[in-house]
Number of protein chains: 2
Amino acid sequence: MADRGAYRWEREFLKRIWIGVGGPPVRLALWDGFEVGGPQESSLGRIEFRSPAALRRLLWDASLGFGEGFSSGEIVIQGELPGVLTSVMQAMRRLERERGPSWSLRDWLVRRKGHSLAESKSSVYHHYDLGNDFYRLWLDEQLAYTCAYYEDPRFTLEQAQVAKFDHICRKLRLKAGDVVAEAGCGWGGFALHMAREYGVRVRAYNLSKEQIAFARQRAQREGLADRVEFVEDDYRSMTGKFDVFVSVGMLEHVGVDQYYTLGRLIDRVLSDGGRGLIHTIGRNVARPLDAWTTKHIFPGAEPPSLSQMLQIFEPHGFSVLDVENLRMHYAQTLRHWLQRFDARAGEVLRMFDERFVRMWRFYLAASIAAFESGYLQLFQVHFNRAECNDVPWTRADIYEHLAGPSGAASKSDGLLRSRLTAAQETPRNGY
Amino acid sequence: MADRGAYRWEREFLKRIWIGVGGPPVRLALWDGFEVGGPQESSLGRIEFRSPAALRRLLWDASLGFGEGFSSGEIVIQGELPGVLTSVMQAMRRLERERGPSWSLRDWLVRRKGHSLAESKSSVYHHYDLGNDFYRLWLDEQLAYTCAYYEDPRFTLEQAQVAKFDHICRKLRLKAGDVVAEAGCGWGGFALHMAREYGVRVRAYNLSKEQIAFARQRAQREGLADRVEFVEDDYRSMTGKFDVFVSVGMLEHVGVDQYYTLGRLIDRVLSDGGRGLIHTIGRNVARPLDAWTTKHIFPGAEPPSLSQMLQIFEPHGFSVLDVENLRMHYAQTLRHWLQRFDARAGEVLRMFDERFVRMWRFYLAASIAAFESGYLQLFQVHFNRAECNDVPWTRADIYEHLAGPSGAASKSDGLLRSRLTAAQETPRNGY
């Protein structure tokens with residue numbers, strides 16, 4: 001707590017903040033007890049600025065100041081964290097519908113990080129090399145660090161991550177013998193799943209040394225090392241010819257200025273009858289990521305709008321077959337991650353420090369809010385070569401396995417169905 | 001037949017044409033019997049120029065000259081018409097992948113028709129006011145003049161048009177009591193279907209006098225006039241508040257320069273929790289329609305690329321939920337139309353003249369070729385307001401009715417299923 005009362009301008013500024021974010025149902029408070037905000041009784045929570053500096057830093061950039069203040073403990077939120085942040089972002093969105101997005105002083109003055117090879121490497125190391133032990137604390141068994149697919153809303157995180165793998169494989173109509181390129185493979189869970197469950201060969205690329213080492217060990221252990229090759233390199237170095245190109249959760253880091261190059265790469269490596277799918281966080285309208293996330297969580301990250309994504313496909317003769325927006329599934333995935341993170345916060349504290357724990361809680365909760373309020377989307381874009389007529393006639397086959405043992409489902413893959421059913425009967429964690 | 005032999009430059013030009021369209025498996029011939037092209041034995045057909053003028057007109061604009069030559073009878077195609085045209089367009093596409101699209105002299109010199117209210121009216125009258133009797137000869141019973149949905153590839157045209165209606169209604173999750181705006185309603189078949197089968201109220205707009213008169217009569221006859229209002233006006237005059245905005249086969253005529261206005265209109269008329277769907281012919285990459293189609297068939301038409309379509313949604317806070325590309329379904333729809341048109345060609349001849357019959361056969365066959373070769377796409381884009389969280393959790397419910405009487409389908413609409421089943425048992429036409 002600061003040892004002085006708030007000045008008049010600080011109280012005025014606090015009021016302006018509340019109005020400036022659209023008057024959400026929360027209370028804002030200063031270190032001396034001064035409060036503004038909506039009616040107490042309908043309030044979802046209370047955001048307290050415990051130092052004058054924490055308030056002042058919002059002038060430079062609101063997202064940066066807010067995130068850093070929360071991480072340092074100078075800003076404290078009472079109430080359910082994702083719920084409070086969601087209500088603020090929803091109020092901001094309503095206001096933006098009338099007035100357009102607001103920009104900070106910092107937006108105009110600071111150059112954003114680029115996407116050269118060196119910059120991409122440093123960005124990836126920043127986030128993904130925090131240590132496999134850290135991610136193992138709160139991700140699912142597969143260490144799938146991307147939006148899951150809750151085919152049934154009651155799914156556990158483990159079930160939903162496997163369902164995501166299968167949903168993508170069904171969209172791609174993977175069949176035994178296909179040769180698959182994966183750009184940005186994380187800890188290798190999806191590559192191994194494709195090889196194990198669909199009988200395909202995979203060459204998977206990732207810049208993160210720790211992740212690749214982990215993925216190779218897993219491939220060895222599962223006896224899949226002859227069918228899945230993990231390459232520690234940038235996706236731009238990809239070589240070979242593939243029936244399928246797939247990328248789950250990498251495009252966010254690629255940068256829009258590289259999309260033409262990415263499209264040319266896909267054109268180069270894809271066989272004549274090839275098809276592909278890109279799964280990425282996106283936006284309804286082009287706009288840079290907030291300064292706090294860019295600085296502290298994902299340097300260089302840039303979730304694209306759909307029209308930006310089309311810069312990958314349109315110049316290179318690809319045909320978009322199917323786009324699905326799974327934004328609510330990412331909110332649900334993040335809720336599961338935050339629950340697990342909170343349950344293991346003591347262990348995270350021993351690995352890092354309090355600031356790190358607060359920073360990650362804020363990142364996960366604010367991400368829930370961003371998906372819930374419609375600031376972020378999750379796009380799966382399925383494409384093929386424009387001249388290829390060997391396209392799925394309808395999308396009904398993607399959903400055939402849901403019909404149960406009788407009817408149309410008798411045509412679908414029995415192995416997959418029985419695995420999913422087994423998973424439903426023996427959930428491996430407690431959600 | 002011309003009464004002189006071909007000059008040397010004409011023979012050279014013929015060779016250049018064959019090479020210039022990528023060397024397709026067809027033969028090209030001049031009026032004096034001179035021929036070029038692929039080997040006789042693998043040739044799919046023969047394109048014969050019967051006059052020097054028909055050949056010469058290709059210099060100004062190939063599509064315009066070719067279409068006009070075919071319509072006048074100066075260019076004759078031996079072989080299965082859609083097959084020959086498809087093989088030519090597929091060869092052109094292969095070549096364009098290497099060299100980019102080619103432009104004609106005319107592309108640089110002629111201003112394209114715009115999309116002012118007056119221009120839109122004249123464009124619509126040109127095509128859609130050819131007479132209901134004409135369209136009734138070869139369209140389905142509903143007079144649905146847009147891409148059908150062959151949920152089962154064996155569907156008749158009638159079944160596939162109804163299946164298209166239902167596919168869109170399922171995507172929109174139409175429910176009784178919804179108020180629907182339809183922009184560009186044709187002969188009203190879809191508006192009436194929505195009102196009859198889903199219990200919604202519809203206000204439907206169309207510029208074509210003949211179509212609106214027909215639609216109003218049908219609404220009267222079916223006792224739906226109190227629930228479906230047909231308005232003879234431009235979509236830009238739309239007023240009211242609606243739960244659903246839907247447009248099937250109008251966007252092609254809107255013009256990309258009007259997309260911002262269209263988005264603003266949707267924003268204005270859609271309720272807070274509103275959703276919508278636009279069904280349109282599109283392209284993988286922005287490019288004007290060929291000169292022949294623009295001049296003789298659809299003045300002012302402009303099938304958009306997906307990134308062009310996003311100019312409707314991105315500036316106005318909409319979220320794209322689902323995009324489906326049904327290009328192969330349009331090829332199939334057109335095959336059914338061409339078969340029916342050919343079967344009734346004698347009647348069309350009595351209504352118009354030989355030139356008209358040839359022109360329409362060329363239009364339908366060339367459209368099959370354009371969809372088969374990947375020049376044209378068919379996009380259904382499902383969207384809602386970005387801040388609305390009342391979104392379908394997955395797309396599985398769209399396909400639930402296919403599962404038969406047991407399993408997941410027990411939840412789906414029994415009425416629809418039984419109607420579809422009945423249609424399957426008693427096909428109303430002979431394909």
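Shown above is the structure to which this text applies.
Residues numbered from 1 in each chain as written. Chains lettered and ligands numbered in written order. Predicted model: local features only at pLDDT ≥ 70, side-chain atom pairs only at ≥ 80, totals over all residues. Heavy atoms only, no water.

## Looking at the overall build of chain A
Threshold: By the criteria applied, helices consist of DSSP H or I runs no shorter than four residues and strands consist of E runs no shorter than two, each listed in order from the N terminus. Residue burial is assigned from relative accessible area. The probe radius is 1.4 Å, only protein chains are included, and a residue is buried under 20% of its type maximum, exposed over 50%, and partly exposed in between. Contact criterion: two residues are considered in contact whenever any of their non-hydrogen atoms come within 4.5 Å of each other. Only the protein chains shown count as cover for residues, and the accessible areas themselves come from Shrake-Rupley with a 1.4 Å probe.
Scanning chain A from N- to C-terminus turns up 19 helices and 11 strands. Residues counted as buried form 60% of the 431 residues belonging to chain A. For chain A, the proportion of contacts with a sequence separation of at least 24, taken over those separated by at least 6, is 72%. Total accessible area on chain A is roughly 16,900 Å²; 53% of this is exposed by carbon and sulfur atoms.

## Structural notes on helix H14 (residues 306-313) of chain A
Most of H14 of chain A sits inside the fold, with 7 of its 8 residues counted as buried. Every buried residue belonging to H14 of chain A is among Leu306, Ser307, Gln308, Met309, Leu310, Ile312 and Phe313 of chain A, and all of these are buried.

## Looking at helix H12 (residues 259-269) of chain B
Turn by turn, an α-helix covers 3.6 residues, leaving residues three or four places apart pointing in a common direction. All names here are of chain B. Put simply, the test is: The arc in question is the one traced by the directions running from the helix axis out to the C-beta atoms.
Regarding H12, the residues found buried are Tyr259, Leu262, Gly263, Leu265, Ile266 and Val269. End-on view of H12: buried residues confined to an arc of 160 degrees, all on one side of the axis. Along its buried surface, H12 packs onto strand E8 (242-248), helix H11 (251-254), strand E9 (270-282), helix H14 (306-313), strand E10 (318-325) and strand E11 (377-385).

## Notes on the pattern of salt bridges
In plain terms, the rule: The rule for a salt bridge is simple: a side-chain nitrogen of Lys or Arg has to be within 4 Å of a carboxyl oxygen of Asp or Glu.
Counted by the stated rule, this structure contains 68 salt bridges over all chains. Linking Arg358 of chain B and Glu354 of chain B is a salt bridge whose minimum nitrogen-to-oxygen distance equals 3.2 Å. A residue pair is termed a helical-turn pair when its members lie 3 or 4 positions apart in one helix, as Arg358 of chain B and Glu354 of chain B do in helix H17 (residues 354-372) at 4 residues. Residue Arg358 of chain B is classed as partly exposed on the basis of its relative accessible area of 25%. Through salt bridges with shared partners, a single ionic network connects Lys171, Asp322, Glu324 and Arg395 of chain A together with Lys171, Asp322, Glu324 and Arg395 of chain B.

## Some points on the side chain of Arg275 of chain B
All names here are of chain B. This is how it is decided: Here a polar contact is taken to be a pair of N or O atoms separated by no more than 3.5 Å, where protein atoms must pair a possible hydrogen donor with a possible acceptor and residues adjacent in sequence count only if both atoms sit in side chains.
Tracing the chain through its elements places Arg275 in strand E9. Among the polar contacts made by the side chain of Arg275, one reaches the side chain of Asp178 at a distance of 2.7 Å. Once you skip the residues sitting within four places of it in the chain, Arg275 turns out to touch Leu172, Arg173, Leu174, Lys175, Asp178, Asp243, Val244, Phe245, Leu270, His382, Phe383 and Asn384.

## Regarding the interface of chain A and chain B
Our working definition: Summed over both partners, the accessible area lost on bringing two parts together, with a 1.4 Å probe, is the buried area.
Opposite the 52 residues of chain A that make contact, chain B presents 53 residues. With both chains or domains summed, chain A and chain B bury close to 4,200 Å², and 48% of this area falls on carbon and sulfur atoms. Considering only the side of chain A, the residues that lose the most area to chain B are Glu314, Trp393 and Arg395 of chain A, jointly responsible for 19% of the buried surface there. Summed over the shared surface of chain A and chain B, the number is 10 salt bridges. Residue Arg93 of chain A is joined to Glu387 of chain B by a salt bridge in which the shortest nitrogen-to-oxygen separation is 3.4 Å. The tally of links between chain A and chain B comes to 35 residue pairs in polar contact (both at pLDDT 80 or more). Counting residues per element, the ones that place at least two in the side of chain A that touches chain B are helix H4 (81-99), H14, strand E10 (318-325), helix H15 (327-343), strand E11 (377-385) and helix H18 (396-399) of chain A.

## Let's talk about the packing of helix H8 (residues 157-171) of chain B against helix H15 (residues 327-343) of chain B
All names here are of chain B. The line we're drawing: Here the axes come from fitting lines to C-alpha atoms, over the contacting stretch only for helices, and the angles between their N-to-C directions go from 0 to 180 degrees. Orientation is classified from the angle alone, with under 35 degrees giving roughly parallel, over 145 giving roughly antiparallel, 65 to 115 giving roughly perpendicular, and any other angle giving oblique. For any pair of crossing helices, the crossing counts as left-handed if the nearer helix is rotated counterclockwise from the farther one by less than a right angle, and right-handed if it is rotated clockwise. Three classes are used, and their members are as follows: Ala, Val, Leu, Ile, Met, Phe, Trp, Tyr, Cys and Pro are nonpolar, Asp, Glu, Lys and Arg are charged, and the others, Gly among them, are polar.
Packing of H8 against H15 brings their axes to within 10 Å, and their N-to-C directions diverge by 140 degrees. As far as their axial angle goes, H15 and H8 are oblique. Note on packing geometry: the crossing formed by H8 with H15 is left-handed. The residues of H15 that touch H8, namely those facing Leu157, Glu158 and Gln161, are Thr333, His336, Trp337 and Arg340. Across the contact of H8 with H15, the residue classes break down as 2 nonpolar, 3 polar and 2 charged.

## A few points about the pairing of strand E5 (residues 179-183) of chain B
Consecutive residues of a regular strand have side chains that alternate between opposite faces of the sheet. Residue and element names in this part refer to chain B. Quick note on the threshold: Here a strand pair is declared whenever DSSP counts at least two bridges between the two strands. By convention a crossover is right-handed if, when the strands point away from the viewer, the path from the first strand over the helix to the second runs clockwise.
In terms of residue burial, E5 counts as a mostly covered element, since 4 of its 5 residues are buried. As judged from the 5 bridges shared by E5 and strand E6 (residues 201-206), these two strands associate in the parallel manner. Residue pairing in the sheet places Ala183 in a bridge with Tyr205 of E6. In this fold, E5 hands off to helix H9 (residues 189-198), which returns the chain to E6; that crossover is right-handed. As judged from the 3 bridges shared by E5 and E8, these two strands associate in the parallel manner. Each residue of the ladder has a partner; that of Val180, found in E8, is Val244.

## Things to note about the relation of the copies chain A and chain B
Quick note on the threshold: Least-squares fitting of one copy onto the other uses the C-alpha atoms of those residues that reach a pLDDT of at least 70 in both copies.
For the match of chain A to chain B, the screw axis carries a shift of 0.0 Å, the RMSD comes to 0.0 Å, and the turn is 180 degrees. Overall, the copies show the geometry of a two-fold rotation axis. A shared interface surface links the copies, since 100% of the contact residues of chain A are contact residues in chain B too.

## Quick look at the environment of Val21 of chain B
Mapping Val21 of chain B onto the fold places it in the loop between helix H1 (8-20) and strand E1 (27-29). Once the C-alpha coordinates of Val21 of chain B and Met92 of chain B are considered, the two residues, 71 residues apart in sequence, prove to be 4.8 Å apart.

## Quick notes on the nonpolar core
Selection criterion: Residues belong to one nonpolar core when they are buried, are Ala, Val, Leu, Ile, Met, Phe, Trp, Tyr or Cys, and are joined through side-chain atoms within 4.5 Å.
Within the largest apolar cluster, 155 residues are counted, with the highest numbers of intra-cluster contacts made by Trp138 of chain A together with Trp138 of chain B. For Trp138 of chain A, the contacting residues outside a window of four places in its chain are Tyr145, Leu157, Trp337, Arg340, Phe341, Trp360 and Leu364 of chain A. Counting residues in each nonpolar core, the second largest holds 60 residues, with Val231, Met238, Phe245 and Leu306 of chain A among its members.

## Thoughts on the packing of aromatic side chains
Using the following cut-off: For this analysis, a ring pair means two rings from Phe, Tyr or Trp (six-membered ring only for Trp) whose centres lie within 6.5 Å, classed as stacked if their planes differ by under 30 degrees, edge-to-face if by over 60, and tilted for the remaining angles.
On inspection of all chains with the given rule, the structure shows 59 aromatic pairs over all chains. With 4.9 Å between their ring centres and 90 degrees between their planes, Trp360 of chain A and Tyr363 of chain A make a pair best called edge-to-face. Pair noted here: Trp360 of chain A and Tyr363 of chain A are both in helix H17 (residues 354-372), with a separation of 3 residues, about one helical turn. Here the aromatic rings of Trp138 of chain B and Phe341 of chain B are separated by 6.1 Å at their centres, their planes lie at 80 degrees, and the arrangement is edge-to-face. Of this pair, Trp138 of chain B sits in helix H7 (residues 132-138) while Phe341 of chain B sits in helix H15, and the two are 203 residues apart along the sequence. Residue classification places Trp138 of chain B among the buried positions, given a relative accessible area of 0%.

## A closer look at the packing of helix H4 (residues 81-99) of chain B against H17 of chain B
Residues and elements named next belong to chain B. Between H4 and H17, whose axes approach to 8 Å, the crossing angle comes to 45 degrees. What the angle tells us is that H4 and H17 run oblique. Every pair of crossing elements has a handedness; the one defined by H4 and H17 is right-handed. Across the interface between the two elements, Leu81, Pro82, Leu85, Thr86, Met89 and Gln90 from H4 touch Arg361, Phe362, Ala365, Ala366, Ile368, Ala369, Ala370 and Glu372 from H17. For the contact of H4 with H17, the residue count by class is 10 nonpolar, 2 polar and 2 charged.

## Describing the state of the cysteines
Residues and elements named next belong to chain A. This is how it is decided: Any two cysteine sulfur atoms lying within 2.5 Å of each other are counted as a disulfide.
For the coordinates displayed, the defined rule picks out 0 disulfides over all chains. Cys147 forms no disulfide, and the closest cysteine sulfur to it belongs to Cys169, at a distance of 15 Å. Counting only cysteine sulfurs, Cys185 is the nearest neighbor of Cys169, a cysteine outside any disulfide, at a range of 15 Å.

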